[in-house]
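Chain residues, written in single-letter form:
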Amino acid sequence: MSDLDLLTQSLARNVKRWRTERGFTLEALAARAGVSRGMLIQIEQARTNPSLGTVVKIGDALGVSITTLLDYEQGPKVRIVPADQAVRLWHTETGSYNRLLAGTEAPGPLEMWDWRLMPGEGSPSDPHPGGTVELVHVLAGDMTLTVDGVEHHVPEGASVSFEADTPHTYANKGEVPVEMVMAVSVPLVR
């Protein structure tokens, strides 16, 4: 499959996914984006390669970025942000600062949790509703995150975001307690 075919397939899947999550009919999205219903049908059926301008209009109407619409990764998406790659947005000479640890599209309610996992302990979770996203920042210790059977090492100071609509587990395989902060974004019920 060529890169263009891959992007066309990804765009089709992602436009339909986000349109459905937002509860938009084809007609409603067409009106919001200023594109024809026929164009949206062709895009969702991967029968056309729309202009960048059309993709931008659709992304704006859905409230998601172009990169989200063109994302072609398969399966649950996991993105670990190493501590040295967190984005510092503001700082002063005396040491005040803020950092964007991790972010994602948030279609609905958002929860924040404080967690502690003692050595050798873990917490499994069943899949959440489609579209649920979790963000975790590890304050202390090393956390092992397993998403859909794949382990991810998230060290102290790092952050991770992932789609939580598949089985997942938080575990402490180290010798010191894991302290972490978690945000959960749950899609709106329509």
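It should be noted that the structure appears before, not after, this text.
Remember, predicted model here, so these are calculated numbers, not experimental data.

1. Considering the overall build of the chain
Part 1: Helices and strands together make up the secondary structure of the chain, namely five helices and 11 strands.
Part 2: Buried residues in the chain amount to 38% of all 190 residues.
Part 3: Long-range contacts, defined as pairs at least 24 residues apart, comprise 70% of the intrachain contacts of the chain with a sequence gap of at least 6.
Part 4: For the chain, the accessible area works out to roughly 10,600 Å², and carbon and sulfur atoms hold 54% of it.

2. Describing the pattern of salt bridges
Part 1: Tallying each qualifying case throughout the model produces six salt bridges.
Part 2: Between E163 and R17 there is a salt bridge, with its nearest N and O atoms 3.6 Å apart. Note that E163 is positioned in strand β9 (residues 159-163) and R17 in helix α1 (residues 3-22), a separation of 146 residues in sequence.
Part 3: Using a relative accessible area of 15% as the deciding quantity, one classes E163 as buried.
Part 4: The class for R17 is partly exposed, based on a relative accessible area of 23%.
Part 5: Ionic contacts of the salt-bridge type, sharing partners, join the residues R17, E21 and E163 into one network.

3. What to know about the pairing of strand β8 (residues 150-154)
Part 1: Pairing of strand β7 (residues 143-147) with β8 involves five bridges; the strand directions are antiparallel. Bridge pairing in β8 links T144 to H153.
Part 2: Between the end of β7 and the start of β8, which pair antiparallel, lie two residues, with D148 showing a positive phi angle near 55 degrees.

4. Quick word on the packing of aromatic side chains
Part 1: Scanning all chains against the criterion turns up two aromatic pairs.
Part 2: With centroids separated by 5.1 Å and ring planes inclined at 55 degrees, the aromatic side chains of W115 and Y170 adopt a geometry described as tilted. In this pair, W115 is assigned in strand β4 (residues 110-117) and Y170 in strand β10 (residues 168-171), connecting sequence segments 55 residues apart. Exposure class is identical for W115 and Y170. Each is buried.
Part 3: In this structure an aromatic cluster arises from ring pairing among W115, F162 and Y170.

5. As for the environment of A158
Part 1: Along the chain, the position of A158 falls in the loop between β8 and β9.
Part 2: Its relative accessible area of 1% is what places A158 among the buried residues.
Part 3: Between the C-alpha atom of A158 and that of V81, which follows or precedes it by 77 residues, the distance is 5.7 Å.
Part 4: Those residues within four positions of A158 in sequence are excluded, and the remaining contacts are I80, V81, P82, A83, V136, H137 and V138.

6. A word on helix α3 (residues 37-44)
Part 1: Three or more residues of α3 are buried, namely L40, I43 and E44. The arc that holds every buried residue of α3, seen down its axis, measures 90 degrees, which confines them to one face.
Part 2: Contacts made by the buried residues of α3 are with α1, α2 (26-33) and α4 (52-62).
Part 3: Within two residues after α3, A46 carries a phi angle of roughly 55 degrees, on the positive side.

7. Observations regarding the packing of α2 against α3
Part 1: Running from N to C, α2 and α3 point in directions that differ by 110 degrees, and their axes come no closer than 9 Å. The angle between α2 and α3 places the two elements in the roughly perpendicular class. When you trace α2 past α3, the crossing you get is right-handed. Contacts from L26, E27, L29 and A30 of α2 reach α3 at R37, L40, I41 and E44.

Reading the values: rules and limits
Residues numbered from 1 in each chain as written. Predicted model: local features only at pLDDT ≥ 70, side-chain atom pairs only at ≥ 80, totals over all residues. Heavy atoms only, no water. Helix = DSSP H or I, 4+ residues; strand = E, 2+ residues; numbered from the N terminus. Buried < 20%, exposed > 50% of the residue type's maximum accessible area, 1.4 Å probe, protein only. Contact = heavy atoms within 4.5 Å. Areas by Shrake-Rupley, 256 points an atom, 1.4 Å probe, with all protein chains shown as cover. Salt bridge = Lys/Arg side-chain N within 4 Å of Asp/Glu carboxyl O. Pairing = 2+ DSSP bridges. Phe/Tyr/Trp six-rings, centres within 6.5 Å; stacked < 30°, edge-to-face > 60°. Arc of directions from axis to C-beta. Axes fitted to C-alpha atoms, helices over the stretch in contact; angles between N-to-C directions. Parallel < 35°, antiparallel > 145°, perpendicular 65-115°, else oblique. Left-handed = near helix turned anticlockwise from the far one by under 90°.

In short, the description is geometric, and any link to function would need to be established separately.
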